[in-house]
Amino acid sequence: MNDSYGRKIQYLRLSVTDLCNYRCIYCMPETGVHKKDHSEILSIEEMTEIVRAAYALDIRKVRLTGGEPLVRKGILTLCRNIKEIDNAIELGVTTNGSLLPAMTKDLKAAGVDRLNISLDSLNPETFSKITRGGNVQNVLNGIKSAQDAGFENIKINTVLMNGINDKDIFDLIQLTRDNQIHVRFIELMPLGVAKYWNSNRFMTTKSVEGYLHNAELLRIDGVARVYRIAGYKGTIGLICPMSDSFCPSCNKIRVTADGKLKPCLHSQQEIELKGLHGKELEKAITDGILQKPQSHRFGTVGSATERFMNEIGG
């Protein structure tokens, strides 16, 4: 269905947990998150019902996020349930990749079509600093396991942070030289923890364009401008929520792990879905789509939402 501004909404990002085995500096507080009671979090059955209701409203793309979705008990069951609604649903998972080696084949068998893997640095020290203790080799092993399992169009997500990982841009681009993967550079947004960061930490994708002077612009793919360097197997994407708002083409809604529909990532507005069923659930999702704002309004104070990114879903 269309929202009030004529945008066709076909994409649901569903957070299956707000928990994670990393503590990325832009995603959650250093102290971690307050663990919600089990009863506050959507069950696998409730998540399945939400996807089914969204499907009835013409949602055809679902991405499971977190936190880290692979720490969620029952994640494989949820994947299978979604594919049972309609095998044609495009099902993706966004993960930090560290747990993939033990789960990749099972995810493939459960019907997952696409993987997005977060990787903000190839430098072990920088990676550990960003994730507060993570091991970059675990993520690289995860990428390799995804390739070996037959996943195609693997996307690597890199959040740009000036003075932290800006020197890693070239090395990350080089991942596309011999691999058919898509490395996407994403501008840091003033959301959650990062809302209070010094403005010097924020950088635009113009910093990446300097490395792409021999690259060809292939296409506009959703929110990303996609490039390929001559002779490279993979591609590079630039996502610019700050310097070039993509709100006019936004086609997604989000549901948090505790069952709140967010028509916009950056809005305070949330619509309760937990406890709703059938036509009542469909109506709530319809209302959320129709109440989707025309655009975010970062202004000078950052995102209006009070949630951290791990609570909303990447």
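All values reported here derive from a predicted model rather than from experimental measurement.

Reading the values: the criteria
Residues numbered from 1 in each chain as written. Predicted model: local features only at pLDDT ≥ 70, side-chain atom pairs only at ≥ 80, totals over all residues. Heavy atoms only, no water. Helix = DSSP H or I, 4+ residues; strand = E, 2+ residues; numbered from the N terminus. Rg over C-alpha atoms; globule rule 2.2 N^0.38 Å. Contact = heavy atoms within 4.5 Å. Areas by Shrake-Rupley, 256 points an atom, 1.4 Å probe, with all protein chains shown as cover. Lys, Arg positive; Asp, Glu negative; His and termini not counted. Charge placed at Lys NZ, Arg CZ, Asp CG, Glu CD. Axes fitted to C-alpha atoms, helices over the stretch in contact; angles between N-to-C directions. Parallel < 35°, antiparallel > 145°, perpendicular 65-115°, else oblique. Left-handed = near helix turned anticlockwise from the far one by under 90°. Nonpolar A, V, L, I, M, F, W, Y, C, P; charged D, E, K, R; others polar. Salt bridge = Lys/Arg side-chain N within 4 Å of Asp/Glu carboxyl O. Buried < 20%, exposed > 50% of the residue type's maximum accessible area, 1.4 Å probe, protein only.

Trainee: I would appreciate a short explanation of the overall build of the chain in the present structure.
Mentor: When helices and strands are counted, the chain shows nine helices and 12 strands. What you see for the chain is a C-alpha radius of gyration of 19 Å, in line with the 20 Å of a compact globule of 314 residues. Seen through its C-alpha atoms, the chain measures out along the principal axes to roughly 50 × 45 × 40 Å. The contacts of the chain with a sequence gap of at least 6 include a subset with a gap of at least 24, amounting to 73%. Carbon and sulfur atoms make up 48% of the accessible area of the chain, which totals about 13,900 Å². Counting 41 positive and 36 negative side-chain charges, the chain places the centres of these two groups 2 Å from one another.

Trainee: Sorry if this is basic, but what is going on with the packing of helix H1 (residues 44-56) against helix H2 (residues 75-85) here?
Mentor: When two helices pack together, their arrangement is given by the angle between their axes and by how far apart the axes lie. Relative to each other, H1 and H2 sit at 25°, their axes nearing to 10 Å. As far as their axial angle goes, H2 and H1 are roughly parallel. Where H1 crosses over H2, the handedness of that crossing is right-handed. The residues of H2 that touch H1, namely those facing Ile44, Met47, Thr48, Val51, Arg52 and Tyr55, are Thr77, Leu78, Asn81, Ile82 and Ile85. Of the residues that constitute the contact of H1 with H2, the class distribution is seven nonpolar, three polar and one charged.

Trainee: Teacher, can you tell me more about the pattern of salt bridges here?
Mentor: Applying the stated criterion across every chain, the model contains 16 salt bridges. Of the charged contacts in the structure, one is a salt bridge between arginine 60 and aspartate 58, with a shortest N-O distance of 3.5 Å. Residue class for aspartate 58 comes out partly exposed when judged on its relative accessible area of 25%. Here arginine 177 ties to aspartate 178 by a salt bridge, and the two come within 3.4 Å at their closest N and O atoms.

Trainee: Explain the packing of H1 against helix H8 (residues 278-290) to me, please; I cannot follow it from the model alone.
Mentor: Running from N to C, H1 and H8 cross one another at 65°; their axes reach a closest spacing of 9 Å. It follows from the interaxial angle that H1 and H8 lie roughly perpendicular. In the crossing of H1 with H8, the sense of the turn from one axis to the other is right-handed. Here Glu49, Ile50, Ala53, Ala54 and Ala56 of H1 lie close against H8, whose contacting residues are Gly278, Leu281, Glu282 and Ile285. The residue makeup of the contact of H1 with H8, split by class, is six nonpolar, one polar and two charged.

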